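Results of the structural survey
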Amino acid sequence: MTNQANVRMPRSGMTLDFPQSLGVYDDYAGAQKAVDHLSDNGFPVENCLIVGTDLKQMERVTGRLTTGRVAVGGLLSGAWMGLFVGLILSLFGSSSVLPLILTTALFGALFGLIWALIGYAATRGRRDFSSVSMIVATRYEVLVEHKHATRARELLASLPGAKPSPFDS
């Protein structure tokens with residue numbers, strides 16, 4: 001377990017005075033289960049904090065980028081933006097609505113196509129794939145205000161499947 005008791009975070013709503021560790025969990029669900037158990041037993045959970053530690057970035061490659069895929073993506077996103085602008089303008093215009101919406105969608109599609117191809121060309125083949133990424137924690141530590149630590153540990157000891165507390169000697 002990490003010693004979070006001596007670590008002070010900047011003042012916001014995300015701080016505890018003299019926090020003490022209740023446990024470290026391999027996944028968020030385990031930490032959430034512990035805090036939920038405290039809540040179910042009437043514990044003042046506003047004195048708890050779940051901290052994700054050992055952050056890592058994960059990037060899932062979703063496919064290969066080609067000029068054609070980039071062009072279609074730019075065309076579609078531009079058309080959606082043009083459609084949105086056309087709908088907004090139609091609220092304030094007195095002219096025919098359908099031609100206005102179609103014209104802005106067409107200009108948006110053209111602009112999106114050109115902009116996407118310029119951006120793709122600027123990478124010069126250094127990133128010819130699409131991906132999604134996220135930052136995840138590999139461990140989650142549940143902290144509690146020092147004045148509530150003893151009661152919280154007693155309640156967590158009654159949690160089915162709970163690990164023995166490292167603070168029991």
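Report follows, based on the coordinates. In every chain, residue numbers begin from 1 and rise along the written sequence. pLDDT decides what is reported in this predicted model: residues at 70 or higher carry local features, side-chain atom pairs at 80 or more are listed and counted, and totals for whole chains, interfaces and linings draw on all residues regardless. Note: side-chain values were computed over all heavy atoms of the structure, leaving out hydrogens and water.

The next point concerns the environment of T15. What counts as a helix is a DSSP run of H or I of at least four residues, what counts as a strand is a run of E of at least two, and both are numbered from the N terminus. Tracing the backbone through its elements, the reader meets T15 in the segment before β1 (19–25). Relative accessibility under 20% of the residue-type maximum defines a buried residue, over 50% an exposed one, and the middle range a partly exposed one, all with a 1.4 Å probe and only protein chains included. According to the relative accessible area criterion, T15 is buried, its value standing at 15%. Taking C-alpha positions, T15 is 9.4 Å from C48, a pair spaced 33 residues apart along the chain.

On to the packing of aromatic side chains, then. Both the distance between ring centres and the angle between the ring planes are used here to describe each pair of aromatic rings. In summary, the pairing rule links any two rings of Phe, Tyr or Trp, Trp by its six-membered ring, whose centres are within 6.5 Å, and it sorts them by plane angle into stacked for under 30 degrees, edge-to-face for over 60 and tilted for everything else. Tallying each qualifying case throughout the model produces 2 aromatic pairs. Both rings, one in Y28 and one in Y140, keep their centres 5.6 Å apart while their planes meet at 75°; by these two values the pair is edge-to-face. Placement of Y28 in helix α1 (residues 28–40) and of Y140 in strand β3 (residues 129–145) is noted, with a sequence separation of 112 residues between them. A residue is classified by how much of its surface remains accessible, and Y140, at 16% relative accessible area, is buried. Geometrically, the ring pair formed by F111 and W115 is stacked, given 6.0 Å between the ring centres and 15° between the ring planes.

Sheet topology note: the β1/β3 ladder contains 6 bridges and is antiparallel. What sits directly across from S21, in β3, is L143. When DSSP finds at least two bridges between two strands, those strands are taken to pair.

What follows concerns the environment of L38. Inspection of the secondary structure assignment puts L38 in helix α1. When the C-alpha atoms of L38 and R151 are compared, they prove to be 9.5 Å apart, with 113 residues separating the residues in sequence. Should any heavy atoms of two residues lie within 4.5 Å, those residues are counted as being in contact. Residues contacting L38, with those up to four places away along its chain left out, are L22, F43, V45, C48, A152, L155 and L156.

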